[in-house]
Each structure stands twice: as structure tokens, then as C-alpha cells.
Amino acid sequence: MAASHFLRSEIDALRREGLYNAIRHLDGPQGPTLTIDGRPLLNFCSNNYLGLANHPRIVDAAKAALDRYGLGPGAVRTIAGTMTIHDELESRLAAFKGVEAAISLQSGFVANIGTIATLVGADDAVISDELNHASIVDGVRLAKGARSIYRHADVEDLRRTLRKARDAGAGRVLVITDGVFSMDGDIAPLDRIVAAAEDFDAMVMVDDAHGEGVLGRGGRGIVDHFGLHGRVDVEVGTMSKAFGAIGGYVAGSRDLIEWLSQRARPFLFSSAATPPDVGACIAAIDILEDSTDLVDRLWANGARFKAAMQAAGFDIGESQTPITPVMLGDVTLAREVSRRLFDHHGVFAQAIGFPTVPHGKARIRVMVSAAHSHDDLDRCAAAFAEVGRELGVL
Ligand SMILES: *Cc1c(COP(=O)(O)O)cnc(C)c1O
């Protein structure tokens, strides 16, 4: 046990450097408002873009799936058998995304971890945007081939990197990008990334976690946003954000999905999501296919909030989506703004620092949802303005 004493000093160092994440404890569901320690707060932290996390149709669907299939999946699907509700989700996902097939996994994180190494062998190369999500970074680390990083959203740098990979004699080449970059809200130039990959006969994989339910017609995602159907080899998605539930998936050709069902280690060695999760995900697709109302409201709310923050004088970065990063730079300042919003104004908006964003680029990332009222948004912007003036940010 003496050997593990380093843990306490490492944890203390995180606290000293302002890098310790204090986690809030919610007394009820995720929604535009929530309760923490008995206090009602306005919630601007969650990826619950469309307010589906506690939507009655989602909750009812989860209960119905529980009644029909029970809770536990029993074992991995290749051994214990796959429940028809998982099949149904996968065919619904494929139809929603406009691809041949989809495979569901336990989370978006797991989908990235499980997919990349199945596509990149020892003689191959993987090329990744420098700001890609941690799950892509870890997935890339599991791949045996050559690994390179290109400058964020810089297609010229990507082309140079592709040229180097080809010159080095790489077999298959896989280019990976986030669709929407979660900490800045910018959209990957996927049309130009695909064109570059086509020039070098490379595969493209996009992680649509923040594009699902947000971008494209009725929230069909980034491939739909750019009209790139049939030109993106691998789409990874999550159902923990706009879909309001939990789970990840990969969408693409029938061959890709069949290959993953034989080779993706989280599919082979980890049990599937539970039936209520899966039922909830199917209901989320129903809601998105029924109407674009929620997606439209999300964008209108994003525009309203951003306009108010810009009018107040905040730097809200380069976001092209409802994600609104309030750029503060210093992590201690960001944490103090967040604390005052929480303690004095009942606004829950979390500071984000290293390692989630680079050192010196701390921010409060405000997550606007379709479920916020105009009054919620205006109160949040007014609270920011007051705290910003108190702390000399404005
Ligand atoms: C949130 C996120 C994930 C992880 O999704 P989970 O389903 O929560 O595991 C993966 N990739 C990106 C880009 C994300 O933003």
C-alpha cells in the first residue's frame, strides 16, 4: 500500500493548480433547470441539446422496453444472442443516417476505441485532427500503424500529411475528424477533408457526437449538412447527447458493420446497452423523424444567447453551432466566474480547463438547449454580464 502514496500528492497538486474537477450532485433529472443541494438552478452544462433526457416519450419508451425485454443483456451479443430491440435500433439508425447499416455499442467513447484499430493495421496509417476528442486520441493509440496529427481543421496540412503517409508506403490510410469540435463549437471542413482523402485514396471517419440532432436536415448530422452521403466511410455517433439517452454507434457500409461485428473488441468482449437504453434511443429517432421543431428551436435559442453575450462584450470564440464557449483564458478566473454564477445567480455553467482544453484557454462552455425558455437564456446572459463586470472581464 505504501507504493500508492503518490495518489494523495498527485490529487493535492491538481487542487493547487486549479485543475481539480469538483463534481456537482443532482437531486433529480437533467433538464433546463435542475436541483442541486435542494436549490433550483438554470442548467447550461449538459449536452442534452433537445431536452430529450427526461422527455416523456423517451421515458415511456424505456419503461416499455424494460417490461418487454427485462434489464440485463446477459452477456456479449456474439455469445448470449442479440435482442431484437438492438437490431431495430441499428436499422433505424442506418435509415436515419442514410447509410446501409449501423452497429450499436455501449457509448460513443467505446465506439471510437473499438473501431479505429479494426481499420488500421501495422502497415497502415491513421491521421487525426489535433483537437479530436479524447476517445479518438485513445482509439488512435490502440492502432498499430503509423500515427500522425494534422493542424486543427487545416486541410492543407492534412494534404501534406497524406502525401507523407503515401510516400512512406502506407497501405490503408484513415483520416479521422470530429464533426463538431465540442469545446469550440466549430464545424470540421468535412467537404474539403473528404476531397483531400479521395485524392490520396484514404478512408474518412467522422465523429458526429455533437452533430447528431443538431446539424443537417432534422438533425441527421454532419454528412447530411454537407451533402456527403456515400463519400464518408465511417460515421461514429453517440446517443448520450441530443438523443438524451446513452449509447454509441458506428454507421456505414454493410461490409464495415459486418467487419466490426467480427472484430471490434468492445462488441466481442463487453455486453450491450440495456433494453431501456435502446428503447429510449429508438424513441429519440422517432421524435427527430416526426418533426424538426426541436432542432429548429435549438438553433434559434443558440442564436439568441450568442447575440446577447456578444452585445455584452464577451469573447465567444469561433463557434458555428449552439455551443457557446465564453473564453476567459485563465483557469482560476474561469472557475471564479462559474462559482459566482452558481452561488449568486443560480446559473450552473461549468468552467473547463486543462486537459479538456489547452493551458491558458480556459473557458465556460455554455450549452444552450431547445428546452430553455427565452427567459432562461436572457437571465443567463444577464448573470454573465454582472459577474463579468464584477471581475473586470468586460
Ligand atoms: C461526447 C463525445 C464522445 C463520447 O460520447 P459518449 O457516448 O458520452 O461516450 C465521443 N466523441 C465526441 C466528439 C464527443 O463529444
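The rules behind the values
Residues numbered from 1 in each chain as written. Predicted model: local features only at pLDDT ≥ 70, side-chain atom pairs only at ≥ 80, totals over all residues. Heavy atoms only, no water. Helix = DSSP H or I, 4+ residues; strand = E, 2+ residues; numbered from the N terminus. Buried < 20%, exposed > 50% of the residue type's maximum accessible area, 1.4 Å probe, protein only. Pairing = 2+ DSSP bridges. Axes fitted to C-alpha atoms, helices over the stretch in contact; angles between N-to-C directions. Parallel < 35°, antiparallel > 145°, perpendicular 65-115°, else oblique. Left-handed = near helix turned anticlockwise from the far one by under 90°. Contact = heavy atoms within 4.5 Å. Nonpolar A, V, L, I, M, F, W, Y, C, P; charged D, E, K, R; others polar. Near = heavy atom within 4 Å. Polar contact = N/O pair within 3.5 Å; in protein donor to acceptor, adjacent residues only side chain to side chain. Domains from an automatic or database assignment. Buried area = accessible area lost by both parts, 1.4 Å probe. Salt bridge = Lys/Arg side-chain N within 4 Å of Asp/Glu carboxyl O.

Another aspect to go through is unusual backbone geometry. The peptide bond linking Phe 354 to Pro 355 adopts the cis configuration, its omega dihedral lying at 5°. Tracing the chain through its elements places Pro 355 in the loop between β12 (351-352) and β13 (362-367). Positive phi outside glycine occurs at Ala 153, with the angle close to 55°. Within the chain, Asp 201 stands out as a residue other than glycine whose phi angle is a positive 55°. Among the secondary structure elements, Asp 201 is positioned in the loop between α8 (190-199) and β7 (203-207). For Asp 201, a relative accessible area of 65% translates into the label exposed.

With that settled, consider the pairing of β7. Residues in a regular strand project their side chains so that they alternate between the two faces of the sheet. The element β7 is largely enclosed, with a buried count of five among its five residues. Of the two faces of β7, the one lined by Met 203, Met 205 and Asp 207 and the one lined by Val 204 and Val 206 are each fully buried. Judged from the five bridges that link them, strand β6 (residues 173-178) and β7 form a sheet pairing that is parallel. In the strand pairing of β7, Thr 177 is matched with Val 206.

Between helix α4 (residues 84-97) and helix α12 (residues 275-290), the shortest axis-to-axis distance is 9 Å and the interhelical angle comes to 30°. In terms of axis orientation, α4 runs roughly parallel to α12. Pair α4 / α12 crosses with left-handed handedness. Counting all contacts with α4, which are made through Ile 85, His 86, Glu 88, Leu 89, Arg 92, Leu 93 and Phe 96, the residues of α12 involved are Pro 275, Val 278, Gly 279, Cys 281, Ile 282, Ile 285, Asp 286, Leu 288 and Glu 289. Taken together, the residues that form the contact of α4 with α12 break down as 10 nonpolar, two polar and four charged.

Pairing is mixed in the open sheet, where three strands are placed in the order β1-β2-β11. Edge strands, defined here as strands with exactly one partner in the open sheet, are β1 (33-36) and β11 (347-348). Here strand β2 (residues 39-43) runs beside β11; their pairing, made up of two bridges, is parallel. When the sheet's bridge partners are listed, Asn 43 is paired in β11 with Phe 348.

As a matter of local geometry, the ligand sits amid 14 residues, with Gly 108, Phe 109, Asp 207, Thr 238 and Lys 241 nearest to it. Here an oxygen atom of the ligand and a side-chain polar atom of Ser 240 are 3.0 Å apart. Tallying contributions element by element places helix α5 (residues 108-119) first for the shell around the ligand, with three residues. Split into classes, the residues belonging to the shell around the ligand amount to two nonpolar, nine polar and three charged.

Along its sequence, the chain is carved into domain 1 (22-51 + 292-390) and domain 2 (56-290). If you average the C-alpha positions of domain 1 and of domain 2, the two centres end up 27 Å apart. Counting from both sides, the interface comprises 22 residues of domain 1 and, opposite them, 19 residues of domain 2. Taking both partners together, domain 1 and domain 2 bury about 1600 Å²; carbon and sulfur atoms supply 64% of that area. Run the count over domain 1 and domain 2 and you get one salt bridge.

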